[in-house]
Amino acid sequence: REEKSKMPHYAGLENFKLIEKMGDGAFSNVYKAVNRSTGEKVAIKVVRKYELNSTQDGNKHLNEKFKQRPRVTERANILKEVKIMRDMDHPSIVKLLSFSESREFYFLVLELMEGGELFHQIVKLTYFSEALARHVILQVANGIRYLHEERGVIHRDIKPENLLFERIPIIPSNNPTPRKYDEDKEDEGEFIPGVGGGGIGRVKIADFGLSKVVWNEETKTPCGTVGYTAPEIVKDERYSKSVDMWALGCVLYTLLCGFPPFYDESINVLTEKVAKGYYTFLSPWWDEISSTAKDLITHLLCVDPDQRYTIDEFLAHPWCHAAPAPAPQTP
Ligand code: ADP
Ligand code: MG
């Protein structure tokens, strides 16, 4: 009851009852809410208008209206996020159900992902077994394949905070360092080959706030050009896709061992490590992880974007097709 009274009221959101805060990103508050007329549970991302920057026409107007200085932060236009999300239709992409705005805020009504961030599951579990990591990463990869190859969209912010579980995954969490996914703990939910029952549910890609369209599906041309496409534009399209593949490599690395491939307390040192692609499969954490998994990561965390795997190369890699472990014997 206390919690409920703390929920803010937004003019223009009267048709929704806010239940709890699910997340706050740097630029938004996300609430779990119920549609009062349909009873449908949703997530609503509330973005304050005057915090947006003014690099796009739409925002310039807003900033003037609110007499606010634009943020220095590079932040894509929320309307672009909406436009990109609006016609996405894939089981690995969080759906935008509706969009509205008030004087002060934008409201993105989203498919509710009750299970929260993949990030929290990594923190909770320490790390994932290869089978479980495969199950998660293949869903993400299929989402990326849809974005890159079918929609011409680059996400540009793939990370565990932006990968969400449809429902609270049933993964054993009583073992602080679970080397193996514990199949005995499984009871209900869908059966995952090689992983067990337990129903970890779907994982979907959220947060298209930094995403960018590089390929126009209607005209079948790179965006912003009408023929006479220069090689650097074509290359740029390929390079920008490769940023998602690097990020996917970082996510996979982190899933398998529980810490990210690049880290340093000093931002300068960290930047240098990333620039040089300096990372290792640190012992003892990586000792028991298959060489196939390491091979795949090597092709993703590859500094030269021309050498880096594309999404189709990723999906064709043997690690993605590893034979599932035999199902647990039922006596
Ligand atoms: P930002 O651009 O501020 O990072 P996000 O779209 O990533 O905004 O949302 C911030 C956080 O809110 C996410 O990391 C997640 O924890 C939560 N969140 C976002 N969308 C949903 C959703 N559809 N269902 C449940 N939680 C969500
Ligand atoms: Mg985010």
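Keep in mind the model is a prediction, meaning the values are calculated, not measured. (Residues numbered from 1 in each chain as written. Chains lettered and ligands numbered in written order. Predicted model: local features only at pLDDT ≥ 70, side-chain atom pairs only at ≥ 80, totals over all residues.)

1. Considerations on the environment of Leu164
- Its place among the elements puts Leu164 in strand β8 (residues 163-165).
- Sequence-wise, Leu164 and Leu118 are 46 residues apart; in three dimensions their C-alpha atoms are separated by 5.7 Å. (Helix = DSSP H or I, 4+ residues; strand = E, 2+ residues; numbered from the N terminus.)

2. Let's talk about the sheet that holds strand β6 (residues 116-117)
- Reading across the sheet, the three strands line up as β6-β8-β9 and stay open at both edges, with antiparallel pairing between neighbours. Looking at the sheet topology across the chains shown, the edges are occupied by β6 and β9 (203-205).
- Looking at chain direction, β6 and β8 are connected through two bridges and run antiparallel. Looking across to β8, one finds that Gly116 is bridged to Phe165. (Pairing = 2+ DSSP bridges.)

3. Describing the packing of helix α5 (residues 130-151) against helix α6 (residues 231-257)
- The N-to-C vectors of α5 and α6 enclose an angle of 170°; their axes lie 10 Å apart at closest approach. One way to sum up the angle between α5 and α6 is to call them roughly antiparallel. Side by side, α5 and α6 meet where Glu130, Ala133, Val136, Ile137, Val140, Ala141, Ile144 and His148 of the first sit next to Lys241, Asp244, Leu248, Val251, Leu252, Leu255 and Leu256 of the second.
- For the contact of α5 with α6, the residue count by class is 11 nonpolar, one polar and three charged. (Axes fitted to C-alpha atoms, helices over the stretch in contact; angles between N-to-C directions. Parallel < 35°, antiparallel > 145°, perpendicular 65-115°, else oblique. Contact = placed C-beta atoms within 7 Å. Nonpolar A, V, L, I, M, F, W, Y, C, P; charged D, E, K, R; others polar.)

4. Observations regarding helix α3 (residues 78-86)
- Residues Ile78, Glu81, Ile84 and Met85 constitute the buried set of α3. Along the axis of α3, the buried positions cluster into a sector of 125°, meaning they face one direction only.
- As for α3, its buried residues are in contact with β3 (41-48), β4 (96-101), β5 (105-111), β7 (153-154) and β10 (212-213). (Buried ≥ 20, exposed ≤ 12 C-beta atoms within 10 Å, placed from the backbone. Arc of directions from axis to C-beta.)

5. Considering the nonpolar core
- In this structure, Ile44, Val136, Val140, Leu248, Leu252, Leu255 and Leu300 are the most contacted members of the largest nonpolar core, which totals 61 residues.
- At nine residues, the largest contribution of residues to this core is made by α6.
- Aside from chain neighbours lying at most four places away, what touches Val136 is Leu118, Phe128, Val203 and Leu255. (Core = buried A, V, L, I, M, F, W, Y, C linked by C-beta atoms within 7 Å.)

6. Topic: the pairing of β3
- Strand direction decides the pairing type here: strand β2 (residues 29-35) and β3, joined by six bridges, are antiparallel. Its bridge partner lying in β3, Val30 is registered against Lys45.
- When β3 meets β5, the two strands line up antiparallel, connected through seven bridges. Bridge pairing in β5 links Val46 to Phe107.

7. Section: unusual backbone geometry
- A cis amide bond links Ser283 to the next residue, Pro284, at an omega of 5°.
- Inspection of the secondary structure puts Pro284 in the loop between α7 (267-276) and α8 (291-300).
- The phi torsion at Arg156 lies on the positive side, around 70°, for a residue other than glycine.
- Tracing the chain through its elements places Arg156 in the loop between β7 and β8.
- Residue Arg156 is classed as partly exposed on the basis of its 17 C-beta neighbours within 10 Å.
- The phi torsion at Asp207 lies on the positive side, around 60°, for a residue other than glycine.
- Inspection of the secondary structure assignment puts Asp207 in the loop between β9 and β10.

8. A few points about the confidence of the model for the chain
- Predicted confidence across the chain gives a mean pLDDT of 81, with 76% of residues reaching 70 or more.
- In this model, residues 54-76 is a region of pLDDT below 50 whose contacts with residues beyond four sequence positions or in other chains number 29 contacts.
- Long-range and interchain partners of residues 173-198, a stretch whose pLDDT sits below 50, account for 43 contacts in this model, where long-range means more than four residues apart.
- Both scores are given for the predicted complex: the pTM is 0.83, the ipTM 0.99. (pLDDT = per-residue confidence, 0-100.)

9. What about the sheet that holds β4?
- Taken in spatial order, the five strands make up an open sheet running β1-β2-β3-β5-β4, and their pairing is antiparallel. On the outer flanks of this sheet lie β1 (16-24) and β4, each paired with one strand and no other. Between one strand axis and the next, the sheet turns through 25° on average, direction left out of account.
- Contacts between α3 and the sheet are confined to β3, β4 and β5, with β4 contributing the most and set at about 150° to the helix.

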